[in-house]
Amino acid sequence: MKPTPIDKIIIDGRTFYVKRDDLVDPHLSGNKFRKLHKLLQTPKENLNKIISYGGTQSNAMLAIAKMCYLKKWEFIYYTKPLSTSQRQQQVGNYFEAIKLGMKHIEIDNELYKDEIANIRFNLDAKTYIVDQGGAVKEAEEGLEVLANEIREQNIGVKSLATPSGTGTTALFLAKSLPEYRIYTTPCVGDVEYLKAQMLSLVDELPKNLVILKPKKKYHFAKLYPNFLDIYNKVLDAKIEFDLLYAPGMWEALLEHTKEEVLYIHSGGVTGNKSMLARYFK
Ligand SMILES: *Cc1c(COP(=O)(O)O)cnc(C)c1O
């Protein structure tokens, strides 16, 4: 595949560069595309089923659904019970994933933890489990591919940024690019929680990884007027970002950094339709 392009934008009078990983595919883009690299490279015949679990509007879910659609693999996705409004929604990641053939299984709240622990048992050789959000060691391979693209495109910027959920993307990017500074910020939980998540994948955090503290305590997927403002501000600069992760990253970058930064677009724009519907209800 060709490297994704890098665009230049001006925000609040500052120059930023954006690595357009959002342009890969409408469903399978951003860091989910990178994290699934190894599976995407796996020959069709080697597998016939992917199992995953997590949120019902997750970007990872939609990305895996698209991958399985392309590979003709069965995709089973476990979640806690769906709300009635979500079941009826005609937009958003869940709706799209079902259209792509995802088989959805709901588990009662009380049983959820145990049943998820149990999916690992008695798997046959052609079944593969992708842990929630794609937070797996295998993700490193795809992030090395991204790292090599950035190195080769060499635009003369020494700082990169990308927002964190599990932190898998920022962590492996920092590991693969020791000569760059990698900024990230937690969008799910606080800084300590993010560090703990990262330390479940490696023994020690890379020195070049800089975790910026969010301006205030944000709860994932809640609505914040300033997030919508930031979303619109970058949209005015002609690039659409997601409404869950990117606003916090942009806010932290504008507040804590001064240098030119290359922002790695993490995708997730398909989820905006359902998020905007919530903002404008
Ligand atoms: C999944 C996701 C993230 C978080 O990625 P991690 O590797 O889990 O930290 C960030 N932005 C978007 C748009 C995502 O979909």
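Residues numbered from 1 in each chain as written. Predicted model: local features only at pLDDT ≥ 70, side-chain atom pairs only at ≥ 80, totals over all residues. Heavy atoms only, no water.

Per an unreviewed UniProt entry, the protein goes by 1-aminocyclopropane-1-carboxylate deaminase and derives from Sulfurimonas lithotrophica. UniProt lists a comment for the protein under the heading Cofactor (unreviewed entry), and it reads "pyridoxal 5'-phosphate". UniProt lists a comment for the protein under the heading Sequence similarities (unreviewed entry), and it reads "Belongs to the ACC deaminase/D-cysteine desulfhydrase family." (UniProt positions renumbered as here; feature names shortened; annotations may be inferred.)

Draft legend 1. Representation of the overall build of the protein. Along the protein, the regular secondary structure elements total twelve helices and ten strands. Here the protein has a C-alpha radius of gyration of 18 Å; the compact-globule value for 281 residues is 19 Å, and the two agree. Along the first, second and third principal axes, the C-alpha set of the protein runs to 50 × 40 × 35 Å. Looking at the 281 residues of the protein, the share that counts as buried comes to 53%. Counting only contacts in the protein whose residues sit at least 6 apart along the sequence, the fraction spanning at least 24 positions is 74%. Charge centroids of the protein, computed over 39 positive and 34 negative side chains, lie 2 Å from each other. (Helix = DSSP H or I, 4+ residues; strand = E, 2+ residues; numbered from the N terminus. Rg over C-alpha atoms; globule rule 2.2 N^0.38 Å. Buried < 20%, exposed > 50% of the residue type's maximum accessible area, 1.4 Å probe, protein only. Contact = heavy atoms within 4.5 Å. Lys, Arg positive; Asp, Glu negative; His and termini not counted. Charge placed at Lys NZ, Arg CZ, Asp CG, Glu CD.)

Draft legend 2. Region of interest: unusual backbone geometry. With a phi close to 60 degrees, K72 is a non-glycine residue in the positive phi region. Relative to the helices and strands, K72 resides in the loop between α3 (59-71) and β4 (74-79). Even without a glycine there, the phi angle at A221 is positive, about 70 degrees. One can find A221 in the loop between β9 (209-211) and α10 (225-236). Residue A221 is classed as partly exposed on the basis of its relative accessible area of 27%.

Draft legend 3. Representation of the site of the ligand within the structure. Surrounding the ligand, one finds 16 residues, the nearest of these being K32, K35, N59, T166 and T169. Here K32 contributes a side-chain N or O atom positioned 2.7 Å from an oxygen atom of the ligand. Take T166: an N or O atom from its side chain is 2.5 Å from an oxygen atom of the ligand. Considered on its own, the ligand offers 380 Å² of accessible surface; in the complex 97% of this is hidden by protein. Most atoms of the ligand, that is more than half of them, are within 2 Å of grid points of the largest pocket. With three residues, helix α1 (residues 30-35) is the largest single contributor of residues to the shell around the ligand. Taken together, the residues that form the shell around the ligand break down as two nonpolar, eleven polar and three charged. (Near = heavy atom within 4 Å. Polar contact = N/O pair within 3.5 Å; in protein donor to acceptor, adjacent residues only side chain to side chain. Areas by Shrake-Rupley, 256 points an atom, 1.4 Å probe, with all protein chains shown as cover. 1 Å grid on protein atoms, 1.4 Å probe; cavity = no way out; pocket = protein on both sides within 12 Å on 5 of 7 lines; lining within 4 Å. Sits in = over half its atoms within 2 Å of the grid points. Nonpolar A, V, L, I, M, F, W, Y, C, P; charged D, E, K, R; others polar.)

Draft legend 4. Structural view of the sheet that holds strand β8 (residues 181-184). Spatially, six strands are ordered β1-β2-β10-β7-β8-β9 in an open sheet, and the strand pairing comes out mixed. Strands at the two margins of the open sheet, each flanked by one partner only, are β1 (6-11) and β9. Taken pair by pair, the neighbouring strands of this sheet meet at an average axis angle of 30 degrees, ignoring direction. (Pairing = 2+ DSSP bridges. Axes fitted to C-alpha atoms, helices over the stretch in contact; angles between N-to-C directions.)

Draft legend 5. Representation of the pairing of strand β10 (residues 261-264). Neither face of β10 is open: one carries V261 and Y263, the other L262 and I264, and all of them are buried. In terms of strand pairing, strand β2 (residues 14-19) meets β10 through four bridges, oriented parallel. Bridge pairing links K19 to I264 in β10. When strand β7 (residues 159-161) meets β10, the two strands line up parallel, connected through three bridges. For L160, the partnering residue across the bridge sits in β10 and is L262.

Draft legend 6. Layout of the UniProt feature "modified residue: N6-(pyridoxal phosphate)lysine" (unreviewed entry) in the protein. Here, the residues flagged by UniProt with the feature "modified residue: N6-(pyridoxal phosphate)lysine" (unreviewed entry) are K32. With a relative accessible area of 12%, K32 lands in the buried category. K32 has contacts with N59, A60, A63 and G133, leaving out every residue within four places of it along the chain. Within the structure, K32 has its side chain in polar contact with the side chain of N31 (distance 2.9 Å).

Draft legend 7. Spotlight on the layout of surface pockets. If you add up the space inside the largest pocket, you get close to 1,100 Å³. Along its surface, the largest pocket is lined by 49 residues, and G55, S58, Q132, F220 and Y245 are the ones closest to its centre. Secondary structure elements with two or more residues in the lining of the largest pocket: α1, β3 (49-53), α3, α4 (84-88), α8 (168-176), α9 (191-198) and α12 (272-279). In terms of residues, the lining of the largest pocket owes the most to one element, α12, which gives four residues. Of the residues contributing to the lining of the largest pocket, the split by class is 16 nonpolar, 29 polar and four charged. Both domains that furnish three or more residues to the lining of the largest pocket are identified here as domain 1 (6-26 + 137-279) and domain 2 (34-134). (Points joined across faces, edges and corners; volume = space filled by probe spheres on them. Domains from an automatic or database assignment.)

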